[in-house]
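# Commentary on secondary and tertiary structure
Chain residues, written in single-letter form:
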Amino acid sequence: MISTTVLQYRRKTLLSKMTSCSAILIFASPENIMKQNEYHFCQNKDFWYFTCFDEPNALLVLIKQDEFNNQQILFNKPKDCNTEIWVGPCLGQNLAKIRIGVDYALSWDNIDKDLSKLLNNIKILYHAWNEYIEADKLVFNTLRCLRNGVDSTPPNTIIDWRPLVHEMRLFKEPEEIKLLRTSCKITSLAHTRAMKSCYPGMFEYQLEGEIHHEFNYHGARQLAYNTIIGSGYNACILHYTKNKDKMRDGDLVLVDAGCSFKGYASDITRTFPINGKFSKQQREIYNIVLTSLKCALLMLKPEININEVNHHVINIMVKHLVQLRLLKGIPNKLISEGAYLQFFMHNLGHWLGLDVHDVGSYGTSINNRILKPNMVLTVEPGLYISKDADVPIEYRGIGVRIEDNIIITKNGNECFTDSVVKEIDQIEFLMASRKNLKNVL
Ligand SMILES: [Mn+2]
């Protein structure tokens, strides 16, 4: 778990980026209630980053008078014995102050009055509009109160804090690297389990169950995103999550699944043959994707940008697709015309952290972000040959993606997801060891 010292350090860093005489408001997620049943509560990731506090109806306020004077205040729900009988204990003000390490913890019940007092005479207010209606309403009302008050002055400028905070979240600290590593480890175990338990005739949702069992077993009870189990040409539907079909002998299955462990996401994809043996055409396509991935992993290091790597990957893919006669023409021309886009139509990767598509700017297409140590990202080349593609029939419907999670280090990168195999020989070897396969067949 992230320590109180780290939380304090993060809030101090944020304070150092704020101007004098300013305040920042970071809201927790509101409660999700439908007909008296609570949905699973998912904390706002920015709020979590600064508090590791998992209750709804809360607000973190940081006030900076000048370089030397600042205050850290948390609003949270007061303890209430009646509610606690139903939903269990809440932290309350006394414990929250200690555990989160703020200067004051105030009751959420008096937030209207107390927030006005805190923001009086503040010049600049940092607020993220349009996250929650209730939060926006509270800010509007507070500003109106201050404007209408006899003895009060509202802030005159409102700034969105998201660029500041998201830039911080892009660079991972040692404590969160540890959690990301564990998250990736659990997801790797789940993918290995999936390979070991897959057989023809099994349903996609049954394979999904194997994955989710492994997540839960290791204490990762949330998914980072909805699990994708795409067998046959379902693999070509990029966000296929129906996972309802029977898996056929001779097809591949694409498994894209990741757990969230103590808030930190992992995001692995593996593609393997349902019966444990790649066909000639599956092997050919798989090898192009694997070669692309390996090449990207060699290139990703500080001072390079993802666009450059992406460009290199596209070169490799097109060269091989021409060799297989799946694309016809001169490679450079095929690239400039975007002919490969029918087979590879998504980005090479994305940031990874508290969110699966984590926050942080990628720069612009011209001014692409330069990689630096402690950035964590996915690398996920893929080839998807639609069942209607103008290619020999034995290639149609083959979809392959291989996705690893890496951290940029001082001299290169470290792969967090190496322990789940991706070489063809290793996959076939692992799947040959499936137990009791004859019984289930
Ligand atoms: Mn991904």
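Given the structure is predicted, the values throughout are model-derived calculations rather than measurements.

In this section: the overall build of the protein chain. Helices and strands together make up the secondary structure of the protein chain, namely 14 helices and 19 strands. Referenced to the eigenvectors of the C-alpha coordinate spread, the extents of the protein chain come out at roughly 80 × 50 × 35 Å. Counting all 441 residues of the protein chain, 53% fall into the buried class. Contacts in the protein chain between residues far apart in sequence, at least 24 positions, make up 71% of those at least 6 positions apart. In the form shown here, the protein chain has an accessible surface area of approximately 21,400 Å², with 52% of it arising from carbon and sulfur atoms. Of the charged side chains in the protein chain, 51 are positive and 48 negative, and the gap between their average positions amounts to 3 Å.

What follows is about helix 6 (residues 133–148). Helix length check: helix 6 (16 residues) gives 22 Å between terminal C-alpha atoms against 22 Å at 1.5 Å per residue, within 8%. Taken together, the buried positions of helix 6 are Ala135, Asp136, Leu138, Val139, Thr142, Leu143 and Leu146. Seen along its axis, helix 6 keeps its buried residues to an arc of 160 degrees; they face one direction. The exposed residues of helix 6 that point more than 90 degrees off its buried face are Ile133, Glu134, Phe140, Arg147 and Asn148. Buried residues along helix 6 sit in contact with strand 1 (22–27), helix 5 (111–119), strand 7 (124–126) and strand 8 (157–159).

This structure, assessed with the given rule, holds 28 salt bridges. With a closest N to O distance of 3.3 Å, Lys333 and Glu337 form a salt bridge. Owing to a relative accessible area of 51%, Glu337 belongs among the exposed residues under this scheme. Salt bridges linked by common partners bring Asp46, Arg169, Lys172, Asp355 and Asp358 together as one network.

A separate point is the domain arrangement of the protein chain. It is common to report an interface's size as the accessible area lost on association of the parts. You can read the domains of the protein chain as domain 1 (4–168) and domain 2 (171–440). Placing a centre on the C-alpha atoms of domain 1 and another on those of domain 2 gives a separation of 38 Å. Contact residues are listed per partner, giving 9 residues for domain 1 and 13 residues for domain 2. With both chains or domains summed, domain 1 and domain 2 bury close to 1,000 Å², and 47% of this area falls on carbon and sulfur atoms. The largest per-residue losses of area from domain 1 upon contact with domain 2 belong to Lys45, His166 and Glu167, which jointly make up 47% of the total buried on that side. Between domain 1 and domain 2 we count 3 salt bridges in total. Arg10 is paired through a salt bridge with Glu176; the nearest N and O atoms lie 3.6 Å apart. Inspection of the region where domain 1 meets domain 2 yields 5 residue pairs in polar contact (both at pLDDT 80 or more).

Around a metal, the ideal angle is 109.5 degrees if four donors adopt a tetrahedral arrangement and 90 or 180 degrees if six donors adopt an octahedral arrangement. Coordination sphere of the manganese ion, protein contribution only: Asp267 (OD), His350 (NE2), Glu380 (OE) and Glu403 (OE), at 2.0 to 2.4 Å. Binding-site remark: the manganese ion is held by donors from one chain whose sequence spacing is D-x82-H-x29-E-x22-E. Within this pair, whereas Asp267 is found in the loop between strand 13 (264–265) and strand 14 (268–273), its partner Glu403 is found in the loop between strand 17 (399–401) and strand 18 (404–408), the two being separated by 136 residues in sequence. Of the two residues, Asp267 and Glu403, neither departs from the other in class, the shared state being buried.

An order of 9-12-13 is seen for the 3 strands of this open sheet, with the pairing classed as antiparallel. Strand pairing shows two members of the sheet lacking a second neighbour, strand 9 (222–223) and strand 13, which therefore form its edges. As judged from the 2 bridges shared by strand 12 (residues 259–261) and strand 13, these two strands associate in the antiparallel manner. Its bridge partner being in strand 13, Ser260 is matched across the sheet by Ala265.

Right, let's get into the packing of aromatic side chains. Across all of its chains, the model carries 6 aromatic pairs by this definition. Relative to Phe53, the ring of Phe47 lies with its centre 6.4 Å away and its plane at 50 degrees, an arrangement referred to as tilted. Given the relative accessible area of 4%, Phe53 is considered buried. Ring plane angle 35 degrees and centroid distance 5.1 Å describe the contact between Trp129 and Phe140, whose orientation is recorded as tilted. Pair noted here: Trp129 is in the loop between strand 7 and helix 6 and Phe140 is in helix 6, with a separation of 11 residues, a long-range link.

Across the chain, the bulk of peptide bonds are trans and the bulk of non-glycine residues have phi less than zero. The residue Cys52 is not glycine, and still its phi comes out positive at about 50 degrees. Relative to the helices and strands, Cys52 resides in the loop between helix 2 (45–51) and strand 4 (59–64). Positive phi, normally seen in glycine, also occurs at Asn121, with a value near 70 degrees. Summarising the element assignment, Asn121 is placed in the loop between helix 5 and strand 7.

What follows is about the packing of helix 8 (residues 174–197) against helix 9 (residues 204–217). It is the contact of helix 8 with helix 9, at a shortest axis distance of 8 Å, that shows an interaxial angle of 145 degrees. Judged by the sense of rotation from one axis to the other, the crossing of helix 8 with helix 9 is right-handed. From helix 8, Ile186, Thr187, Leu189, Ala190, His191, Arg193, Ala194 and Ser197 reach across to helix 9, where they touch Leu207, Glu210, Ile211, His213, Glu214 and Phe215. Grouping the constituent residues of the contact of helix 8 with helix 9 by class yields 7 nonpolar, 4 polar and 3 charged.

Attention now goes to the pairing of strand 15 (residues 376–379). Along strand 15, one buried face is formed by Val376 and Thr378 and the opposite face, lined by Leu377 and Val379, is buried too. Alignment of strand 15 against strand 18, held across 4 bridges, turns out to be antiparallel. Across the sheet, the residue bridging to Val376 is Ile407, located in strand 18.

Moving on: the environment of Lys113. Locating Lys113 in the fold gives a position in helix 5. The exposure class assigned to Lys113 is exposed, which follows from its relative accessible area of 51%.

Thresholds, definitions, all that
- Residues numbered from 1 in each chain as written.
- Predicted model: local features only at pLDDT ≥ 70, side-chain atom pairs only at ≥ 80, totals over all residues.
- Heavy atoms only, no water.
- Helix = DSSP H or I, 4+ residues; strand = E, 2+ residues; numbered from the N terminus.
- Buried < 20%, exposed > 50% of the residue type's maximum accessible area, 1.4 Å probe, protein only.
- Contact = heavy atoms within 4.5 Å.
- Areas by Shrake-Rupley, 256 points an atom, 1.4 Å probe, with all protein chains shown as cover.
- Lys, Arg positive; Asp, Glu negative; His and termini not counted.
- Charge placed at Lys NZ, Arg CZ, Asp CG, Glu CD.
- Expected span 1.5 Å × (residues − 1).
- Arc of directions from axis to C-beta.
- Salt bridge = Lys/Arg side-chain N within 4 Å of Asp/Glu carboxyl O.
- Domains from an automatic or database assignment.
- Buried area = accessible area lost by both parts, 1.4 Å probe.
- Polar contact = N/O pair within 3.5 Å; in protein donor to acceptor, adjacent residues only side chain to side chain.
- Donors = N, O, S within 2.8 Å, 3.2 Å for Na, K, Ca; no water.
- Pairing = 2+ DSSP bridges.
- Phe/Tyr/Trp six-rings, centres within 6.5 Å; stacked < 30°, edge-to-face > 60°.
- Axes fitted to C-alpha atoms, helices over the stretch in contact; angles between N-to-C directions.
- Left-handed = near helix turned anticlockwise from the far one by under 90°.
- Nonpolar A, V, L, I, M, F, W, Y, C, P; charged D, E, K, R; others polar.

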